[in-house]
Amino acid sequence: MRRYRFASVTVCQLSLAIGPLLGSAAWPEPSDRPAIIVNPSDASRMELAHVVREALHGAPVTFADDALTASNTLVIEHANPRDASGRPLNGRSLDRPERFELFARKSRCVLVQSRTGRRWRLRHTACVAT
């Protein structure tokens, strides 16, 4: 078996060193607790929409006014274009929905994109741990 070396570190060693860093990105911090939004306002809804749009690279998003008020999970499905009769243009969509989770970290609300582990602090949103 041929071994490849990169700056005197084998590929296997490199993958073992980087692997835990990549795997841990999608997990919440140990002090994070699942949370829900309390007293949603227009400002908190606009902030949530802005963060989710940013996470989805500017894609338009629509969700209910009570999003994240009963559960800490928000699932966003990709829009499926339809014809005038309401039938999907591309047939069945095979795209995976995007999942976000809300956590309370100390007195802050933090939204985490499950797939990437990216985190956003919601400054205009009040939440409580569940």
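Scroll up for the structure.
Now for a look at the structure at hand. What you see is a predicted model, and the numbers here were worked out from it, not measured in a lab.

Cut-offs applied
- Along each chain, numbering runs from 1 in the same order as the chain's sequence is written.
- Owing to the predicted nature of the model, reporting of local features is limited to residues with pLDDT of at least 70; listing and counting of side-chain atom pairs is limited to 80 or more, with chain, interface and lining totals taken over all residues.
- Heavy atoms throughout the structure, all of them, feed into the side-chain values; hydrogens and water do not.
- Here a cavity is any set of points on a 1 Å grid over the protein atoms alone where a 1.4 Å probe fits but cannot get out, and a pocket is any open set with protein on both sides within 12 Å along at least 5 of 7 lines; a residue lines the site when it has an atom within 4 Å of a point.
- Grid points are joined across faces, edges and corners, and a volume is the space filled by probe spheres set on the points.
- Under the convention adopted here, Pro, Cys and the residues Ala, Val, Leu, Ile, Met, Phe, Trp and Tyr are nonpolar, Asp, Glu, Lys and Arg are charged, and Gly plus all remaining residues are polar.
- Secondary structure elements follow DSSP: runs of H or I of four or more residues count as helices, runs of E of two or more count as strands, with numbering from the N terminus.
- Relative accessibility under 20% of the residue-type maximum defines a buried residue, over 50% an exposed one, and the middle range a partly exposed one, all with a 1.4 Å probe and only protein chains included.
- Strand pairing is assigned whenever DSSP detects at least two bridges linking the two strands.
- Note on definitions: salt bridges are taken to be side-chain nitrogens of Lys or Arg within 4 Å of carboxyl oxygens of Asp or Glu.
- Nonpolar core, defined: a set of buried Ala, Val, Leu, Ile, Met, Phe, Trp, Tyr and Cys residues in which side-chain atoms within 4.5 Å join the residues together.
- It only takes one pair of heavy atoms within 4.5 Å for two residues to be counted as in contact.

Moving on to the layout of surface pockets. Its boundaries defined by the atoms lining it, the largest pocket holds a volume of some 240 Å³. Looking at the largest pocket, the residues that line it are Leu56, His57, Ala59, Pro60, Val61, Thr62, Ile76, Glu77, His78, Ala79, Glu98 and Arg115. Residues belonging to the lining of the largest pocket are distributed by class as follows: six nonpolar, three polar and three charged.

Turning our attention to empty space enclosed by the protein. For the structure on display, the rule yields one cavity of 30 Å³ or more. Among the elements that take part in the lining of the largest cavity, helix 2 (residues 42-55) stands out by supplying three residues, more than any other. Grouping the amino acids of the lining of the largest cavity by side-chain chemistry returns six nonpolar, one polar and two charged.

Both faces of the sheet carry side chains from a regular strand, because those side chains alternate between them. Here strand 7 (residues 119-122) shows one buried face, formed by Trp120 and Leu122, and one open face, formed by Arg119 and Arg121. Taking the residues that link successive antiparallel strands as the turn, the strand 6 (residues 108-113)-strand 7 hairpin has five residues, and the phi of Gly117 there is positive, at about 80°.

The next subject is the pattern of salt bridges. Within this structure, the stated rule accounts for eight salt bridges. Here Arg115 ties to Glu98 by a salt bridge, and the two come within 2.9 Å at their closest N and O atoms. In this pair, Arg115 sits in the loop between strand 6 and strand 7 while Glu98 sits in strand 5 (residues 98-105), placing the two residues 17 residues apart along the sequence. Members of the salt-bridge network, linked through shared partners, are Asp32, Arg105 and Arg119.

This part covers the nonpolar core. With 20 residues, the main nonpolar core has Val52, Phe100, Leu102 and Leu111 as its most contacted residues. Elements that contribute at least two residues to this core include exactly strand 3 (33-38), helix 2, strand 4 (73-76), strand 5, strand 6 and strand 7.

Residue position: Thr125 is located in the loop between strand 7 and strand 8 (126-129). Along the chain, Thr125 and Val110 lie 15 residues apart, while their C-alpha atoms are 9.5 Å from each other. In contact with Thr125, not counting residues within four places along its chain, are Ile37, Ser44, Glu47 and Cys109.

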